[in-house]
Amino acid sequence: MKTYFYSKKVFFGVTINSQTIFSMFPWKELAKPKNISLLGLKETLEGGQSFTWSATDYGTWLGSFRSKLVELKLVNGVIHWRTSKQFPATQNEILEYLWLDKTYDDAVQNLPWRSDSILAQCIQSLPGLTILNQPFEEMLFYFLLSSAKSIPQIKELGYLVSQKFGIQLAPNIWSFPGWQVLSQVKEKELRELKLGYRAKYVCGVASILNDEPTFLNTIINLPYPEAKSKLVSLPGVGPKIADCALLFGAKKSEAFPVDTWIAKTLDRHYNLESFSPVQKIIFARSHFGKFCGLAQQFLFSGERLGLIK
């Protein structure tokens, strides 16, 4: 059975004017989170931690991870899913990817929202916002592209690289090519895909990971401080890129990326104007606790969307 899919924009800001057709399994119920909102799910998928999801013009999200194609929708507080017949994901894989188990509720309860009115506003405004469990190698790639770029621009760069070197999952949708494939790509080719100076870093990282295939798996298994120290040894990987990759791709919930939005939030609402980025991270880990990365995402989305009063 064919699924007829209409969308104005699918991946990475690409506009589709014609009908896109690909085979999908029927819709199934995925989960009934006790506290989830449309905005919470939207921010989880589109709010800057992943760059492989896009909203369709009929109220769903289409995305990929680990070369699997998935579509999601929220109906009356229930998440529904379906997947590609050619590049399928399992229900358990999607549940794990979306962090839809009791440990998420425990993490939220562990945050200091009872005494922190700023954090409480964000959590109340964004029920169900989670940290996605994404592939570490993909997160390292996308955040290497993130320097001085907006979310749509990062998506576009990733799209161009995936289109050129990845596997086609559906019309106008390609998988992340993987670091082994990227190790064979010349810097000039990546510069031609609009990566600019980032091309040098992608090539440098790809060469190291090709020579040391266990490098990223070693990092995943290290405690957060050691993992960050090892990750910043890679070309182009500074503290913020490392924290983003570790939080969104290696399940290091202690990571607290400080970008423009977070710095603004901490300055405005926590009076940390005089603090350096390192001091802000120390404050965050002390104040928000072991799930400070989850707090970071609530604050990031809350500030970016103007939800904090």
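Structure: above.
Residues numbered from 1 in each chain as written. Predicted model: local features only at pLDDT ≥ 70, side-chain atom pairs only at ≥ 80, totals over all residues. Heavy atoms only, no water.

## As for empty space enclosed by the protein
Taken as a whole and assessed by the stated rule, the structure comprises one cavity of 30 Å³ or more. As a volume, the largest cavity reaches approximately 40 Å³. Lining the largest cavity are Ile36, Leu41, Thr44, Ile79, Leu98, Leu100, Gly128 and Thr130. A per-class count over the lining of the largest cavity returns five nonpolar, three polar and no charged. (1 Å grid on protein atoms, 1.4 Å probe; cavity = no way out; pocket = protein on both sides within 12 Å on 5 of 7 lines; lining within 4 Å. Points joined across faces, edges and corners; volume = space filled by probe spheres on them. Nonpolar A, V, L, I, M, F, W, Y, C, P; charged D, E, K, R; others polar.)

## Some words on helix H9 (residues 198-211)
Three or four residues apart is the spacing at which side chains of an α-helix point the same way, because the helix has 3.6 residues per turn. Here H9 is 14 residues long and its end C-alpha atoms lie 20 Å apart, about the 20 Å a rise of 1.5 Å per residue gives. On its buried face, H9 is in contact with helix H5 (136-144), helix H6 (151-165), helix H7 (179-182), helix H8 (187-191) and helix H10 (215-220). (Helix = DSSP H or I, 4+ residues; strand = E, 2+ residues; numbered from the N terminus. Expected span 1.5 Å × (residues − 1). Contact = heavy atoms within 4.5 Å.)

## A closer look at unusual backbone geometry
The backbone phi angle of Ser67 is positive, close to 60°, even though this residue is not glycine. Topologically, Ser67 is positioned in the loop between strand S5 (61-65) and strand S6 (68-75).

## Considerations on the packing of H5 against H9
Interhelical geometry of H5 versus H9 gives an angle of 155° and a closest axis separation of 10 Å. Classed by the angle they form, the pair H5 and H9 counts as roughly antiparallel. The two elements H5 and H9 meet at a crossing, and its hand is right-handed. Across the interface between the two elements, Leu140, Phe141 and Leu144 from H5 touch Arg198, Tyr201, Val202, Val205 and Leu209 from H9. Here the residues of the contact of H5 with H9 are counted per class, giving seven nonpolar, no polar and one charged. (Axes fitted to C-alpha atoms, helices over the stretch in contact; angles between N-to-C directions. Parallel < 35°, antiparallel > 145°, perpendicular 65-115°, else oblique. Left-handed = near helix turned anticlockwise from the far one by under 90°.)

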